[in-house]
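Spelled out, the chains give:
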Amino acid sequence: MFRSHVSVTTIRQVVEINTKHRLFSPGKLTPGKRIVGSMRWESSTRPAPLLTATPVRTLVDEQTCIKASFLPSNHPVTVCARMRSDEGDLWQSFAHYNTNSSGMFNLNSDHSVGGSYSGCEPMGLFWSMQPAPGEREGLRLRKKCVESPYTVQISLLEGHVSPNQDPGKEVAAVTAERWYMSPGVKRQEIRQNGLVGTLFIPPGPGPFPAMLDMWGMGGGLPEYRSSLFASRGYASFCLAYVGHKDLPGPSNTVNVGDSYFKAAFQFLQEHSQISADRIGIVGLSYGCYLTLHTGTLPGVKPACLIGINGPVGSSRELLHVNVTTKKSDQDQVFWSFDDQGYIIFKQTSLPSNLHPESIVKLEEITCPLMYIVGEDDLSASSIENADLIEKTLRAAGKSHLFTRLSYPGAGHLIEPPYSPMSRASFWVIKPEKLMTLWGGHPAPHAAAQEDAWRKMLAFMELSLRR
Amino acid sequence: MENVELLVQLQQLEGAPGSPSFFFGQTIVDVALVFGGASHADLCQSHSESSRPKRTHPPAIRLHAVRACTVRMDNSLQRVKLSVHPSRALVDEEFVILVQNVPPGSPMTLHALHCSEDGHRWEACGHYIADSSGSINAADDCSVGGSYLGVEPMGLLWSLKPVPGSKPGLRMRKKDVQTPMVVAISVFNGHHSEAFVDQVSLASWVVERWYMAPGVRRIPVTEQQLTGTLFLPPGPGPFPGLLDLWGGGGQLVEYRSALLASHGIASLALDYLTNEFTTQTGKMVDNQYFETAYRVLQQHPQVLGSRIAMLGLSLGSVFTLKMAVYSPVVKLRCAVCISGSHIQPVSGGPQEMMDLFTRNIEKINFSEQNEVIWRSLLLPVPSDPSMKADVGRLRCPLLLVVGEDDQNWCTQESAADMEQMMARAGNDHLLTILSYPETGHLIEPPYTPHTPSSMYRGAGVDQKMMVLWGGKTPEHSAAQEDSWRKILTFLKKNLYGGSDPQAIHRSHL
């Protein structure tokens, strides 16, 4: 964002007026504001402090180091981060620091003493962002356009302030870009053989290992995890299966069956730039069930499976080959509500509430399986499902294939790292507005996202490349 | 022979021209089965006779046959992983190139390819041996061949040279600073130094190198007959300022200023030779032009008028020193002179400087390759005080950057003379000299290619000539890296911090 020089000039004029008259304050200043104190830094002999972010352009899963120097020593400052989502909503965070005796602070080593997070959190400004006051409610941050970055304005404010109540004066700023795609990654919209998805291919000749990537019942086609996989050297195909305009049938039902998911896997196998024997499947929430289900379809031999916070079966009717399924109202009996009227879907995926015939025959799995649990998941019974998977595999003598990651305080939406989380957000808006509780608390959830992503990539490296 | 052609054409259909030796072991049988062609022995015989596959129009071929050819790579090399981080960086930032999952001990070549704005292709390569864990890390491991040797994390960038067959005398300079320089980095099996276009790489990555950080604002400056571009760092400011001058080639060269603004310094790149006024009237600007530029910078609401520096390269350093020593208007916090000199008609401006060159034209020399050597033009260092800036009168810190193999200006002699003058005047505590052996004239921001000579046209001159700048690529590149870091430290210390008196020191690398 461009800062108009007008405000700086106005403040300078006001300083002169204020020291002379102390009466009239034109411009943007609120009455009663103590000019002199906050003008302590503003002088004609010293430049503004230097605020840096290194590197200034990163992938979303990379860290950046935020530092400031040429500040007064042992002085309170506030760092504030702001950015706009693709829909135009303003997200922001802030943290309070104290400079050291050399007038510097460094987010990699110093502790936040207040604000959106506390303690030593190098990436705290990014993962602790929340919608700014006055923005729409029930928001969840999801990048629609992965070819453009998030532009984050990081500002340095005087004193320990809350940017919303008492904005203070911005004394320095730096702009950081957070990208979901590396340069050279190719994005291809796939609408063939009835498949609806987007394929991301890393740069280079290939052939590449690949991932089939599925999300939950929220539907649509989130591309941002796949684009990040491609930015790490894995071809990735994110597949839509519900709630997408290019899919057949009504958008609130799953109208595709086994043949669809098998075709998606085969599409990857037959792709000239993909190694047919190095394809894994990953899914979150209902996508986790689809991951396990597709992974055990006859003729589908994945090299690895990753499930995040999802069930091993479906509460809905069984998915048959070439038979469309309908989302039934039956599972609404499993919904519960908290005192704010937010839906908690958790019971729907309790193993005892799943259709027994739909439960994936986990004992038939022949490849490594990683399952990630958010222990504060309020949307899925992740712990219970993880227990079931573990029990089944152990009984089948295949526990060596199983890796379980379990994160206390983490919710349902375990996404790529350093992304803000939503404990609740809108599930539907029409015919009525319904919010759902995902669970999780910011700091442990952020730690879970960071650790899980790293372990997922290492798991993929081991299973798909060695 | 026919079937060899067919094999090549199959690979072409997939968009991946293959080195025949790569594919023959696994795929030739498949092709023979599909097409019922010659025996395996025949095909191998054909291959050894052909030196390089010819490119002809591919016939129509069933897709599954094509797939059988290209997917069958040697298994041990299929897992090769190449990563370069960060993939988007500023031009002066380092990256880490990591190759993994390569058979331990195998020879590999790292390759960089860049297509410049003017359509030329530049490439570089390094030869490595994978370690026992099957990895190569360009930051730790030693290149044993190619366009750079030794442990050089950034060697693939600074050793970029025009591909064979390019026009002679090219120089890489980014005109559009709002877009990045895009480089494709690849890894090849074996040690190769040429003909990369005929090979298929094992893996590839793309990096972007930016001159402008996000949020930096680019503002054309045309007031008061100036021709320049101001780059403002992001934020409210106020920022320290800098006047940025290039040399005798003229033009408005923006990339150094863009980079300085990305480091927090509001920087005004100024064209003083081919500016609007000069191109329209045919007359050169006078010294007031620089003072006007200084005032414009000083009065900008987001620039801190009391903290302005000047940086000049080559001819730009002449006017930097002139302003620093003599101008009643220009009050510098500090000055940086790269590959320059204090030798100049003190009372004159750009025109008088050009006249001085013209008067001494017979002092030019030529190299064995007929490249112009201008370094003797201003020699010997005059003793006449009206012919050199009196640096003994300087009141601000001065940083001189000297390439000891500068074939274009007498930088070394000038620096030595300036040191003597300042020692006699007692202000040599303000002087810092960075002197680099085997380093030429064009000392630019780091990790950009070294130009030992290039086709050059001076401002206002009709003909181009091949000019020798000097320097050996490895040493010159090391000098660019070291000097830039020290220039930034010097500028930040003087512009952001207090003004400490500096002890004189000369560092030889």
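Residues numbered from 1 in each chain as written. Chains lettered and ligands numbered in written order. Predicted model: local features only at pLDDT ≥ 70, side-chain atom pairs only at ≥ 80, totals over all residues. Heavy atoms only, no water.

Let us look at the overall build of chain B. What chain B contains, in helices and strands, is 12 helices and 22 strands. Every one of the 509 residues in chain B was classed for burial, and the buried ones make up 61%. Taking as baseline every contact in chain B between residues at least 6 positions apart, the subset at least 24 positions apart corresponds to 71%. Accessible surface, chain B: about 19,700 Å² in total, of which carbon and sulfur atoms supply 52%. (Helix = DSSP H or I, 4+ residues; strand = E, 2+ residues; numbered from the N terminus. Buried < 20%, exposed > 50% of the residue type's maximum accessible area, 1.4 Å probe, protein only. Contact = heavy atoms within 4.5 Å. Areas by Shrake-Rupley, 256 points an atom, 1.4 Å probe, with all protein chains shown as cover.)

Before going further, it helps to spend a moment on the nonpolar core. Core analysis: the biggest nonpolar cluster contains 156 residues, and Ile 154, Leu 156, Phe 237, Leu 292, Ile 306 and Ile 372 of chain A together with Leu 491 of chain B have the highest contact counts within it. Ranked by the residues each element gives to this core, the list is headed by helix H8 (residues 442–465) of chain A, at nine residues. Setting aside residues no more than four positions away along its own chain, Leu 491 of chain B makes contact with Leu 242, Leu 260, Ile 265, Ala 309, Leu 311, Cys 334, Val 336 and Tyr 496 of chain B. (Core = buried A, V, L, I, M, F, W, Y, C linked by side-chain atoms within 4.5 Å.)

Residue and element names in this part refer to chain B. Where helix H9 (residues 315–326) contacts helix H10 (residues 350–359), the axes come no closer than 11 Å and their chain directions differ by 130°. With respect to H10, the axis of H9 lies oblique. Handedness of the crossing formed by H9 with H10: right-handed. Of H10, the residues touching H9 (which contributes Leu 315, Val 318 and Phe 319) are Pro 350, Met 353, Met 354 and Phe 357. (Axes fitted to C-alpha atoms, helices over the stretch in contact; angles between N-to-C directions. Parallel < 35°, antiparallel > 145°, perpendicular 65-115°, else oblique. Left-handed = near helix turned anticlockwise from the far one by under 90°.)

It is worth spelling out the packing of helix H4 (residues 224–231) of chain A against H8 of chain A at this point. Residues and elements named next belong to chain A. At a minimum axis separation of 12 Å, H4 and H8 run at an interaxial angle of 55°. It follows from the interaxial angle that H4 and H8 lie oblique. Crossing handedness for the pair H4 and H8: right-handed. Along the contact surface, H4 presents Arg 225, Leu 228 and Phe 229, while H8 presents Trp 453, Met 456, Leu 457 and Met 460. Class assignment for the residues of the contact of H4 with H8 results in six nonpolar, no polar and one charged. (Nonpolar A, V, L, I, M, F, W, Y, C, P; charged D, E, K, R; others polar.)

It is worth spelling out helix H11 (residues 411–425) of chain B at this point. With 15 residues, H11 of chain B extends 21 Å from end C-alpha to end C-alpha; this agrees with the ideal 21 Å at 1.5 Å per step. Positive backbone phi, approximately 85°, marks Gly 426 of chain B, located one or two places after H11 of chain B. (Expected span 1.5 Å × (residues − 1).)

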